[in-house]
Amino acid sequence: MPKKVFKLYASCVPVLGAKRATICDLQRGKVYVIPQSLYHLLMDYSDKNYEELAEMFANDKSILDKYFNFLLSNELGFWTHEAQNFPPIDFTFQEPEIIQTAILEIDDLDTDIFQKIIASLIRLKCKFVELRAYHSCPTSKIEFILNLTKDSPIRNLIIYTQFTNIEEVSALSKIIGQHPRAGSTVIHSCPSDLKTDFLRNDKMSFSQEAISSSTHCGNISPDYFINDIRVFSESLHHNSCLNRKISVDNKGNIKNCPSLPDSYGNIQETSLEDALAQKDFKKLWNIKKDEIEKCKDCEFRHICSDCRAYVEDPKNLYSKPLKCGYDPYTNQWQDWTQNPLKQKAIEYYNLSPSSQTATNKT
Amino acid sequence: MILILSSSELNISVEHVADWLDFYQADYKRILGDDFFSGSQTIAYQLDEEEEYQTPNLDLKQVSSIWFRGFIRHRTYIKNTTDDLQTSNSNLSELSGRIAKALHKNTNLFFKSLKDKPQLPNLQALKTDKMDMLTKAKKVGLRIPKTLVTNNKQKLLEFYEACDQKLITKSLYECVYFFEEDRAFSFKTHLLSKEDILNFEDCFFPSLFQGYVEKEYELRIFYLDGELYSMAIFSQLDEQTQVDFRRYNDEKPNRTVPYQLPDEEAQKICDLMQMLNLSTGSIDMIKTKDDQFVFLEVNPNGQFGMTSFPCNYHLEQKVAQHLIQATQS
């Protein structure tokens, strides 16, 4: 019988960073930060049994035992004498939809134009739609859009809208409660003394922060880590924000993302399909984390989102996202808005510091 | 045209396969068993004329391949008939049984009219019999658990000893879920103690018993036209899932990872599926602590999303491709 070697469960994937590493548990959605030495133990000595390892690392046997204790108690791996029967997951990324996510800025667009937009999104098999109202938006407009998605392949709509008054919020709460495709709804710019207990709606949340334009997007934070097989495999092959995304901004411009400068036509004259067919529409879709400066050395790169609209060096397509406060070379999270090296880019994008809040983890 | 037969219950695998058929721009139509009762499908099967099963809203000649994912929930139609009926429970149960049989006969007529088309799985092989399956598994060289069907307490006690006092019972027929407002019930696998058996009547409802097989892990294998996609389920790490992994632990789900079945076992599975005339199905096996593979059962219509997603096998795409290829051949 072959010797017993240690094998990580295929859904627990080690990712090496500049100073340390992670094990991304893609099944249970957890990420474990590990030292590089454990990463190398798992990768370079995977054909050794315990006795061999104990002999090789005789001086560090207590560390070795600590490592295996950690791996076993978190159920990240197992000892087996049939390692060859446990192949890794094939992280090929294949999805049937042409567009996965659409972002629609709804404040300034006429209600009628949404018939055209949603009809296109249905043809493109779009699954998720984000409706953004930076100002107060009539509930009837949101309801009209929601109704257009009935019996469509659109599975979930996320809504951002500005607080106006309690009556409007109650009306909206009722509508999204009745609409199975309406998902999480964020009411921004809420007064600090707002009482929301009367609204019994799990889908709705309230924020005092103002979301007044697309410059609020692009934050990178552990809060946005998604630790699953789809996100991980998409990140290995494509951009983890812009791939299969389409947007219509407040002026009707069809873009990959509302925060990006390039427009591929106006929705008044151009269809989403025609915009998508243009040569450069997908030019950012395949910029991978493994190619992005600094991100490529980050141990969180494949569970993290990305942003190509706001980057540290606006002239470099492969520059690190501006709104990321993590440094993979020091393993420190800092407030990106305060970083002196980022001030030039902050000025370049005209991001007023008061409107930007960094989500920090130390 | 690809014909998808499914029941009205939400079936996420059907949605995903349909997405892929759309992606490949394949021509397909989805009909529900319920369509034959709601009026959206008309049936005419007249023996004195052409002896042809006619469905005027659906041109069967256009059908080039068929995918079957369930069809009818008997309970819907039985409920319609019995709701206003004042009669004894025994009459009601006899009536329910008869209605179910009549529904089945009608479904069979429809299936027969499709018999010359490529089918996934073969419509005539759908209703598998566990004992027949186990007998054939043994024939192709697969190991099976010690198995007994009996109504007799004494026989069961002898079998209990023969199985080293570790015994399970499970449904002789297929599993089913019963939904109440706040919870669901289903047929699952139960471990039987000697005390359980001693509490039985001398003669009880004929039931299936098997020797309990100590697992290192369980295997769920999706078979599609000669290809195997296997997954190991580490149900033994968790007491809640040791006897039946379907007693899911949502907090800490069982580890489910891709598995490469050794060639020799894979060949036996392929032989069995051919013997059962099944072009697809989900196979349950156990890998024992002493390195034996033990076959439990095949479900021709088993869920494969649970294998596809954690192993990233893209089975929905493969099923769609298979249906399209069947159309072209």
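Everything below is about the structure printed above this text.
Residues numbered from 1 in each chain as written. Chains lettered and ligands numbered in written order. Predicted model: local features only at pLDDT ≥ 70, side-chain atom pairs only at ≥ 80, totals over all residues. Heavy atoms only, no water.

Caption draft 1: Expanded view of the overall build of chain B. Scanning chain B from terminus to terminus reveals 10 helices and 17 strands. The globule rule puts the C-alpha radius of gyration for 329 residues at 20 Å, and the 22 Å found for chain B is close to it. By the burial criterion, 49% of the 329 residues in chain B qualify as buried. Accessible surface for chain B amounts to roughly 17,300 Å². Of this, 48% is attributable to carbon and sulfur atoms. (Helix = DSSP H or I, 4+ residues; strand = E, 2+ residues; numbered from the N terminus. Rg over C-alpha atoms; globule rule 2.2 N^0.38 Å. Buried < 20%, exposed > 50% of the residue type's maximum accessible area, 1.4 Å probe, protein only. Areas by Shrake-Rupley, 256 points an atom, 1.4 Å probe, with all protein chains shown as cover.)

Caption draft 2: Spotlight on the nonpolar core. By size, the foremost hydrophobic cluster in this structure holds 66 residues, and its most contacted members are Ile23 and Leu71 of chain A together with Leu219, Ile283, Phe295 and Val298 of chain B. Sorting elements by how many residues they give to this core places helix α8 (residues 263-275) of chain B first, with five residues. Look past the residues within four positions of isoleucine 23 of chain A in its chain and what remains in contact with it is Leu8, Cys12, Val13, Pro14, Lys30, Val31, Tyr32, Ile34, Leu42, Leu71 and Leu76 of chain A. The next biggest cluster of nonpolar side chains, apart from the first, holds 59 residues, and it includes Val248, Tyr264, Ile292 and Cys307 of chain A. (Core = buried A, V, L, I, M, F, W, Y, C linked by side-chain atoms within 4.5 Å. Contact = heavy atoms within 4.5 Å.)

Caption draft 3: View of the pattern of salt bridges. With the rule as written, the count across this model stands at 38 salt bridges over all chains. In this structure, the salt-bridge partner of lysine 127 of chain A is glutamate 97 of chain A, at a minimum N-O distance of 3.4 Å. Taken as a pair, lysine 127 of chain A in the loop between α4 (113-123) and β7 (128-132) and glutamate 97 of chain A in the loop between β5 (77-80) and β6 (101-105) lie far apart in primary sequence, 30 residues in all. For glutamate 97 of chain A, a relative accessible area of 7% puts it in the buried group. Look at the salt bridges and you will find they share partners, linking Glu97, Lys127, Arg155, Glu234 and Arg244 of chain A together with Asp19 of chain B into a network. (Salt bridge = Lys/Arg side-chain N within 4 Å of Asp/Glu carboxyl O.)

Caption draft 4: Representation of the sheet that holds strand β4 (residues 30-35) of chain A. Residues and elements named next belong to chain A. Pairing within the open sheet is antiparallel, and its three strands lie in the order β2-β3-β4. Every interior strand has two partners, whereas the edge strands, β2 (12-16) and β4, have only one. Taking each pair of neighbouring strands and ignoring which way they run, the sheet shows an average axis angle of 25 degrees. Of the pairings in the sheet, the one linking β2 to strand β3 (residues 20-25) comprises five bridges and is antiparallel in character. Opposite cysteine 12, over in β3, you have aspartate 25 as the bridge partner. Packing against the sheet, helix α1 (residues 36-44) makes contact with β2, β3 and β4, and its axis sits at approximately 100 degrees to β4. (Pairing = 2+ DSSP bridges. Axes fitted to C-alpha atoms, helices over the stretch in contact; angles between N-to-C directions.)

Caption draft 5: Broad picture of the side chain of glutamate 265 of chain B. For glutamate 265 of chain B, the position within the fold is in helix α8. The class of glutamate 265 of chain B is buried, set by a relative accessible area of 10%.

Caption draft 6: Focus on a positive patch on the surface. All names here are of chain B. A cluster of basic residues, Lys101, Lys105, Lys112 and Lys115, forms a positive patch on the protein surface. Mapped onto the secondary structure, lysine 115 falls in the loop between α4 (89-112) and β6 (119-120). Judged by its relative accessible area of 54%, lysine 115 falls in the exposed class. (Patch = residues over 30% accessible without salt bridge, like charges linked within 9 Å, V, L, I, M, F, W, Y side chains within 5 Å. Lys, Arg positive; Asp, Glu negative; His and termini not counted. Charge placed at Lys NZ, Arg CZ, Asp CG, Glu CD.)

Caption draft 7: A look at the packing of α1 of chain A against helix α3 (residues 61-73) of chain A. Residues and elements named next belong to chain A. Running from N to C, α1 and α3 cross one another at 80 degrees; their axes reach a closest spacing of 11 Å. One way to sum up the angle between α1 and α3 is to call them roughly perpendicular. Contacts between α1 and α3 involve Ser37, Leu38, Leu41 and Leu42 from the former and Leu64, Tyr67, Phe68, Phe70 and Leu71 from the latter. Across the contact of α1 with α3, the residue classes tally to eight nonpolar, one polar and no charged. (Parallel < 35°, antiparallel > 145°, perpendicular 65-115°, else oblique. Nonpolar A, V, L, I, M, F, W, Y, C, P; charged D, E, K, R; others polar.)

Caption draft 8: Broad picture of the packing of aromatic side chains. Per the stated rule, a full pass over the model turns up 40 aromatic pairs over all chains. Ring geometry for phenylalanine 86 of chain A and tyrosine 259 of chain B: centres 5.1 Å apart, planes at 70 degrees, overall edge-to-face. Of this pair, phenylalanine 86 of chain A sits in the loop between β5 and β6 while tyrosine 259 of chain B sits in strand β15 (residues 255-259), each in a different chain. Each of the two residues, phenylalanine 86 of chain A as well as tyrosine 259 of chain B, counts as buried. Chaining the aromatic ring pairs together yields one cluster made of Tyr9, Phe78 and Phe86 of chain A together with Tyr217, Phe234 and Tyr259 of chain B. (Phe/Tyr/Trp six-rings, centres within 6.5 Å; stacked < 30°, edge-to-face > 60°.)

Caption draft 9: Examining helix α6 (residues 166-178) of chain A more closely. Residue and element names in this part refer to chain A. Between its first and last C-alpha, α6 extends 18 Å over 13 residues, near the 18 Å set by a 1.5 Å rise per residue. Every buried residue belonging to α6 is among Val169, Leu172, Ser173, Ile175 and Ile176, and all of these are buried. Axial view of α6: buried residues confined to an arc of 165 degrees, hence all on one face. Opposite its buried face, α6 presents the exposed residues Glu167, Lys174, Gly177 and Gln178, each directed more than 90 degrees away. Among the structural elements, α5 (139-148), β8 (156-162), β9 (182-188) and β10 (204-206) are those in contact with the buried residues of α6. Its side-chain oxygen at 3.1 Å from the backbone nitrogen of glutamate 167, asparagine 165 defines the N-terminal cap of α6. (Expected span 1.5 Å × (residues − 1). Arc of directions from axis to C-beta. Polar contact = N/O pair within 3.5 Å; in protein donor to acceptor, adjacent residues only side chain to side chain.)

Caption draft 10: Spotlight on helix α6 (residues 153-162) of chain B. All names here are of chain B. Considered for burial, the residues of α6 that qualify are Lys153, Leu156, Leu157, Phe159 and Tyr160. For α6, the angular spread of buried residues about the axis comes to 160 degrees, placing them on one side. Buried positions along α6 lie against β7 (147-152), β8 (167-170), β11 (190-192), α7 (194-198) and β12 (203-211). Between the side-chain oxygen at the start of α6 and the backbone nitrogen of glutamine 154 there is a gap of 2.8 Å, and the oxygen is on asparagine 152. The first or second residue beyond α6 is aspartate 164, which carries a positive phi of 55 degrees.

Caption draft 11: Representation of the sheet that holds strand β2 (residues 28-32) of chain B in the model. All names here are of chain B. If you walk across this open sheet you meet the four strands as β2-β1-β5-β6, and the pairing is parallel. Each edge of the sheet is formed by a strand with only one pairing partner; in this case those strands are β2 and β6. Here strand β1 (residues 2-6) runs beside β2; their pairing, made up of five bridges, is parallel. Across the sheet, residue serine 6 finds its bridge partner in β2, namely leucine 32.

Caption draft 12: Up close: the interface of chain A and chain B. Across the boundary between the two partners, chain A contributes 32 residues, which contact 29 residues of chain B. Buried surface at the junction of chain A and chain B, summed over both partners, amounts to about 2,600 Å²; 52% is from carbon and sulfur atoms. Our enumeration of links across chain A and chain B arrives at five salt bridges. Here aspartate 19 of chain B ties to lysine 127 of chain A by a salt bridge, and the two come within 3.2 Å at their closest N and O atoms. At the junction of chain A and chain B, the tally comes to 17 residue pairs in polar contact (both at pLDDT 80 or more). Per element, the largest residue contribution to the side of chain A that touches chain B is three residues, and it comes from helix α7 (residues 229-237) of chain A. (Buried area = accessible area lost by both parts, 1.4 Å probe.)

Caption draft 13: Inspection of a nonpolar patch on the surface at higher detail. Among the surface-exposed residues, Met131, Val149 and Leu172 of chain B lie close enough to one another that they form a single nonpolar patch of about 200 Å² accessible area. Structurally, valine 149 of chain B can be placed in strand β7.

Caption draft 14: Inspection of the environment of leucine 317 of chain A at higher detail. All names here are of chain A. Of note, leucine 317 is situated in the loop between α8 (272-277) and β13 (326-327). Linking leucine 317 and isoleucine 287, residues 30 residues apart in sequence, is a C-alpha distance of 8.5 Å. Residues in contact with leucine 317, not counting those within four places in the same chain, are Leu284, Ile287 and Arg308.

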